[in-house]
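So the chains spell out like this:
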Amino acid sequence: RPELIMSELNVAMAREDAKMIRARNLPRASFDASWVDYEREYDDDTIGLETRDYYTLSLNLSVRPFQGGKNIFAYRKQLLTIKRFEHERDRRKNGIVTEVRTRFQQFLEGDSRLDTAKSGVAEANEAYDFAARSAKLGVLSLEDLLIAELRLTQAEINKINTEHALQQARVQLNYVVGANW
């Protein structure tokens, strides 16, 4: 999930900052080299043509004394920042895990409710068929047949509502898992 990736990135950046703070105590070195190759011409022919090459090498080492306390304080402060980012990452991770488990449980419950609704439709259909045959034979009144038909309609509506709730639970589960549609 994007927020978990951002949390990991925050921790990694804070750790890199801590490395840079720790490196402040190290001596700094710079090395420069240059070479100049050119010719000089003079107006006087007696001097002639001279070729001159210049080479320069320089190594510079610098140490900043009396910066230890400042650097130690900055490093410890950065370690606290790292711990804060890690706790924030762990809190988000635990929240995501809890949310995924909750949505998965809701999905499983919706699936079991759909099985129950399907069996309810099958029972209502059998009851309606039985009532229709009994009404044809004249054993059952028309009112009882209409009640059986009403129960069948209610069972089908219940099944449709349960399928809709299951689809919503599936969409919510995919969202919390981070699946892209």
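Overview of the structure. Every value quoted in this text rests on a predicted model; they were computed, and no experiment measured them. Counting of residues starts from 1 at the beginning of each chain's written sequence and follows it residue by residue. Side-chain atom pairs in this predicted model are given and counted only at pLDDT of 80 or more, local residue features only at pLDDT of at least 70, and totals for whole chains, interfaces and linings cover all residues. Heavy atoms throughout the structure, all of them, feed into the side-chain values; hydrogens and water do not.

## Description of a nonpolar patch on the surface
Argument step 1. By definition, no residue in a patch forms a salt bridge, and every one has over 30% relative accessible area; like charges are joined within 9 Å, nonpolar side chains (Val, Leu, Ile, Met, Phe, Trp, Tyr) within 5 Å. In these tables, accessible area is a Shrake-Rupley quantity obtained with a 1.4 Å probe, and a residue counts as shielded only by the protein chains included in the view. In what follows, salt bridge is the name for a side-chain nitrogen of Lys or Arg lying within 4 Å of a carboxyl oxygen of Asp or Glu. Together, F31, L57, L59 and L61 give the surface a local cluster of nonpolar side chains, amounting to about 510 Å² of exposed area.
Argument step 2. The dominant element in the nonpolar patch, judged by the number of residues it contributes, is strand β2 (residues 50–62), at three residues.
Argument step 3. Secondary structure elements follow DSSP: runs of H or I no shorter than four residues count as helices, runs of E no shorter than two count as strands, and numbering proceeds from the N terminus. Relative to the helices and strands, L61 is located in strand β2.

## Overview of helix α1 (residues 2–22)
One turn of the α-helix equals 3.6 residues, which is why residues spaced by three or four share an orientation.
Argument step 1. To estimate the expected span of a helix, count its residues, drop one, and scale the result by 1.5 Å. Helix length check: α1 (21 residues) gives 30 Å between terminal C-alpha atoms against 30 Å at 1.5 Å per residue, within 8%.
Argument step 2. For α1, the complete set of buried residues consists of S7, V11, A14, A18 and I21. One side of α1 holds all its buried residues, which, seen down the axis, span an arc of 85 degrees. Exposed residues lying more than 90 degrees from the buried face of α1 are P2, I5 and M20.
Argument step 3. Contacts are assigned to residue pairs with any non-hydrogen atoms lying within 4.5 Å of each other. Close packing links the buried residues of α1 with α2 (68–137). Relative accessibility decides the category of a residue: with a 1.4 Å probe and only protein chains considered, values under 20% of the type maximum give buried, values over 50% give exposed, and everything between is partly exposed. By construction, the arc corresponds to the directions joining the helix axis to the C-beta atoms.

All quantities given are derived from atomic positions and should not be read as evidence of function.
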